[in-house]
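# Report on the structure
Chain by chain, the residues:
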Amino acid sequence: MKENDMQIEEFSVNEFTSPQCVKIGDNKPLALQMNGDVVIGGIFPLHYLVPELQPNYQDKPPITVCNGFDQRAFRWMMTMVFAVEEINNHSSLLPDVKLGYQILDSCDNVHSSLQALFSLISFPESVTSGNQIWKVKNTINLANEKISGREGLKSDDRRPNLSLTQEESPRCLSGSPIPVVIGLASSSPTRAVAQVLGSFNIPLVSYFATCTCLSDKRVYPSFLRTVPNDLFQVRGLVQLVTFLGWLWVGTIGTMDDYSQYGIQAFSNHFRHRGGCVAFHLTIPKSPTEAEIGEMANILQMSTAHVVVVFATEGQLFDLFIELTRRNVTGIQWIASEAWVTASLLTFPNFHSLLEGTLGFSFLGVSIPGLKEFLLNVRPSPKQGMEFINMFWEEQFGCQLSYDGNKANANKTDPLKGPSYDHPDAVKNPLCTGLEDLSLTSSSYTDVSQVRISYNVYKAVYAIAHALHALLNCDSAENEGRCDKYTKFTQGQLLYHLKKGNFTNQFQERVYFDTKGEPVPLYDIVNWQKDSKGKIRFVKVGDYDGSAPQAQQLRINESTIVWTGGLLQVPVSQCSAPCPPGSRQARLPGRPHCCFDCLPCADGEISNKSGSTECIKCPDSYWSDKDKVKCVAGIEEFLSFSETMGIILVVLTLLGVILTIIITVIFHCFRTTPIVKANNSEISFLLLLSLKLCFLCSLVFIGQPSAWTCMLRQAAFGISFVICLSCLLVKTVVVLLAFRANIPSSKGPKLFGPSQQRTMIFCTTTPQICLCVGWLLGAPPFPIRNLTYQASYGKIILECKEPWPLGFYLLLSYIGLLAFLCLLLAFLGRKLPDTFNEAKLITFSMLIFWAVWLCFIPAYVSSPGKFSVAVEIFAILASSFGLLLCIFLPKCYIILLHPERNTRKGMTGKYNRYTP
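Anyway, here's the lowdown on the structure attached to this text. (Residues numbered from 1 in each chain as written. Predicted model: local features only at pLDDT ≥ 70, side-chain atom pairs only at ≥ 80, totals over all residues. Heavy atoms only, no water.)

### Regarding the overall build of the protein chain
Secondary structure summary: the protein chain contains 26 helices and 27 strands in total. Within the span of the protein chain, comprising 915 residues, buried residues form 51% of the whole. For the protein chain, the proportion of contacts with a sequence separation of at least 24, taken over those separated by at least 6, is 72%. Of the roughly 43,000 Å² that the protein chain leaves accessible, carbon and sulfur atoms contribute 57%. (Helix = DSSP H or I, 4+ residues; strand = E, 2+ residues; numbered from the N terminus. Buried < 20%, exposed > 50% of the residue type's maximum accessible area, 1.4 Å probe, protein only. Contact = heavy atoms within 4.5 Å. Areas by Shrake-Rupley, 256 points an atom, 1.4 Å probe, with all protein chains shown as cover.)

See the structure below:
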């Protein structure tokens, strides 16, 4: 350690081990005080405008001179005075003990609050209050604490034990003449004061500091409050905002702890409930016109029409003036308890901007006798009445003639008051001191429903009940009197404060939990105009943070007046809620409250606005055209009653009738050469198989059933195989007939009628066996096919083929026979005209192949009933091709040219040109 450091250390030790703690300096701030056996300290923000200090670190900072008198805070202060006097005037609480008070101004500033605190708890040269209980001790050794601190002990380790007596306490301030302090209003000054007082176990009971940070008992062990912390208010505000359907809001705060903690907690809880913060504005301590203008621009341009504000009325004043100047309307303000009942913002020029403001406030009551007490306040030239004199001049716009209150008084003289010397003071008339407060209307005289004042009132009574228990006022030994000569420490008073539990005259149970917190109860207040055009704070609901979550918020929405005097809930949204039948789609890089609306896909619905996802319809159901409900899917199959079915049935019947006609013709002319030429028996068998081919198409039409599913492919396969077998035999017969003109040819003899029947049987049998095995092993069965539901909303009733290979084998065998017929017919295409049935077979097979080659891709790609229609069309087209190509030329000769239906005509010896 350097030599100069050692000298400083020695000086400090010598200073703090002097026989008596001495107050350094002689500056004394203004105070409202009254002597008593126990003196309660009070710190209130009577002013809210503090000049910026520029310390030079050479001279001692002077007492801060503040401006901007707050009448509401003055009422809070006078409520403390009223509560103390009320307790002193009643013998039921603290009998024979007189309470006193010493109240100072914090100016709502950390620096001024600490100045007031140190003046409050340090020793004046003459200690006139509490002499019977409080005595200055000479056993204080702050040097020991400093040394322990340098050795690395934690702050918690250096705190005195709560059970130490005053003589044993190692700190000078533990013997302070003020055992408890009521204050402060703002959270940042309260943190500074609470941290100092916590080191000496001096209780600090706040009436308005709501920052959640003050609940940390490790940092603020002696802090209590009669106001709920912001965590409960934040939860309530989030519930309120989301209950009213606002998920797109802006926030405004300041740079102090109250605002920063409150806004951060609100934003976190709000996002957890699905909300989005559109913007956050922070008001600087001393905002410039440019900064105010920029914030006003953001508020005007934003699509968020609901703004949650954590600030005081003084911090918001400049911004609201600018918004009023711009005639900004349509913003729904959500106020924290710090300004929700601020009369400063209820001036008529703010009505268009702030009417309809909604927010949380503390419970409001009407304290009996308070109004009369407040109206009886009078100015006085006595020392200690400066605050009352300031209020009087502010209230009546006049100037008192007391020496300490003249217009040109020195501002730095604390006895003359900081607010008396203002530019307009010389122009104000003189006050008589007899002005009637009952004729005025201000936040001071409006005590119909006091809120912060009630918190002050409860704080005084909580301290009185703690003293009542500490001084054994109810013991039988004292005979109804308090042992006011009992020595106690601030730690003992803090202990009894924490244990206090009583019910006041308003039937509210007053107590502190383990964190020094009260029951979180709030009123929901709405700013409404009365019949005289003045803003009134109307209760429209309440919030109980200790109740189950579903019962915490109670609000009567029908009684609320919204911004601009509207009766409908304002809308605040980044994107309009998606209508039913659509869903929200996130926009990249934007909050989730900003989205596009996309229609639901087919088969999905959304039946409410703002859906984030579409719901898929259950099986067998389909979305309607508006995508808002699921309807039963349309069962689809190729029915006899629809147009396509009717056309196919007509074509089928036409084919059958035409086949019957040809059969009749052939039967009537069965003895003619043209019928007998190619074995009439095979011709009739071929006509029969063609009838079956036409008729099997009817099995494909209609609702599928078990038997139709089994019959349709088997009937189709067997009918066509018989037909092709007959054609194959006919082709062979033609080729052998041609060879009969060749000498020594034995072909026709070897391939007679019996061999022809055998060939038909042999070529048909494999197909029959395949079909029988298929039907026995894995028969097709009807199903409800939902595959096409997602695209067409239809349920296809069709036949399911569990063994698809069976169908393809069936087609392959038909294709094999058709190929053989085409090949053999092609070989015989150049035979003489007399035997030229091969040409007809060739042409019919070409049609057959063209039809079925087109059928396969069309069948695979056609959905639902259209695949069935394609197969029926292929069956009918190939059947008509065979029927017309093979039999129509013969019928033409039979009916129109009978002269050619003779032996000579068949052998080519008939001359068609002979008359």
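### Some words on the side chain of Q528
Structurally, Q528 can be placed in strand β16 (residues 521-529). Within the structure, Q528 has its side chain in polar contact with the backbone oxygen of T559 (distance 2.9 Å). With residues up to four places along the chain from it excluded, the contact list for Q528 reads K534, I535, R536, V538, V540, T559, I560 and V561. (Polar contact = N/O pair within 3.5 Å; in protein donor to acceptor, adjacent residues only side chain to side chain.)

### Brief notes about the nonpolar core
Counting 107 residues, the largest nonpolar core has L32, F74, M78 and L94 as the members making the most contacts within it. Take this core: its biggest share by element is 13 residues, from helix α13 (residues 452-470). Non-local contacts of F74, meaning those with residues more than four positions away in its chain, are made with L46, F69, F387, I388, F391 and Y444. By size, the runner-up hydrophobic cluster in this structure holds 69 residues, among which are I674, L686, L727 and L817. (Core = buried A, V, L, I, M, F, W, Y, C linked by side-chain atoms within 4.5 Å.)

### Side note on the sheet that holds strand β13 (residues 358-362)
If you walk across this open sheet you meet the 8 strands as β10-β9-β11-β12-β13-β16-β17-β18, and the pairing is mixed. Since the sheet does not close on itself, it has two edges, and those belong to β10 (276-283) and β18 (553-555), each with one partner. Neighbouring strand axes in the sheet, compared pairwise and without regard to direction, differ in orientation by 30° on average. Along the sheet, helix α7 (residues 257-272) contacts β9 (248-254), β10 and β11 (306-309); its crossing angle with β9, the most-contacted strand, is approximately 165°. (Pairing = 2+ DSSP bridges. Axes fitted to C-alpha atoms, helices over the stretch in contact; angles between N-to-C directions.)

### Some thoughts on the environment of Y813
Relative to the helices and strands, Y813 is located in helix α23 (residues 804-827). Separated by 46 residues in sequence, Y813 and Q767 place their C-alpha atoms 7.3 Å apart. Those residues in contact with Y813 that sit more than four places away from it in its chain are V721, C762, T763, P766 and Q767. A polar side-chain atom of Y813 sits 2.5 Å from the main-chain carbonyl oxygen of T763.

### Describing the pairing of β10
As paired strands, β9 and β10 are joined by 6 bridges and run parallel to one another. Among the inter-strand pairings, I252 is bridged to a residue of β10, identified as L281. Taken together, β9, α7 and β10 constitute a β-α-β crossover, and its handedness is right-handed. (Right-handed = clockwise from strand over helix to strand, strands pointing away.)

### Concerning helix α9 (residues 313-325)
Over its 13 residues, α9 runs 17 Å from end to end, which matches the ideal 18 Å to within 8%, given 1.5 Å per residue. For α9, the principal kink sits at L319 and spans about 30°. The complete set of buried residues in α9 reads E313, L316, L319, F320, E322 and L323. Two residues or fewer after α9 comes N327, characterised by a positive phi angle close to 60°. (Expected span 1.5 Å × (residues − 1). Bend = angle between axes of the 7 residues up to and from the residue.)

### Regarding the pattern of salt bridges
In a structure, side chains of opposite charge can pair up when their charged atoms sit close to one another. Under the defined criterion, the tally for this structure stands at 16 salt bridges. Between E322 and R325 there is a salt bridge; the shortest N-O distance is 2.6 Å. Of this pair, E322 and R325 both sit in helix α9, separated by 3 residues, roughly a single helical turn. When its relative accessible area of 14% is taken as the criterion, E322 is described as buried. Residue classification places R325 among the exposed positions, given a relative accessible area of 61%. In this structure, the salt-bridge partner of R451 is D523, at a minimum N-O distance of 3.0 Å. Of this pair, R451 sits in the loop between α12 (386-396) and α13 while D523 sits in strand β16; the two residues are 72 residues apart in sequence, bridging distant segments of the chain. Through salt bridges that share partners, E322, R325 and R326 make up one connected network. (Salt bridge = Lys/Arg side-chain N within 4 Å of Asp/Glu carboxyl O.)

### Considering α23
In this model, α23 (24 residues) spans 35 Å end to end at C-alpha, consistent with the 34 Å of a helix rising 1.5 Å per residue. Along α23, the residues that are buried comprise G806, F807, L810, L811, Y813, I814, G815, L817, A818, C821, L822 and A825.

Interpretation note: all reported values are geometric properties and have no functional meaning in isolation.
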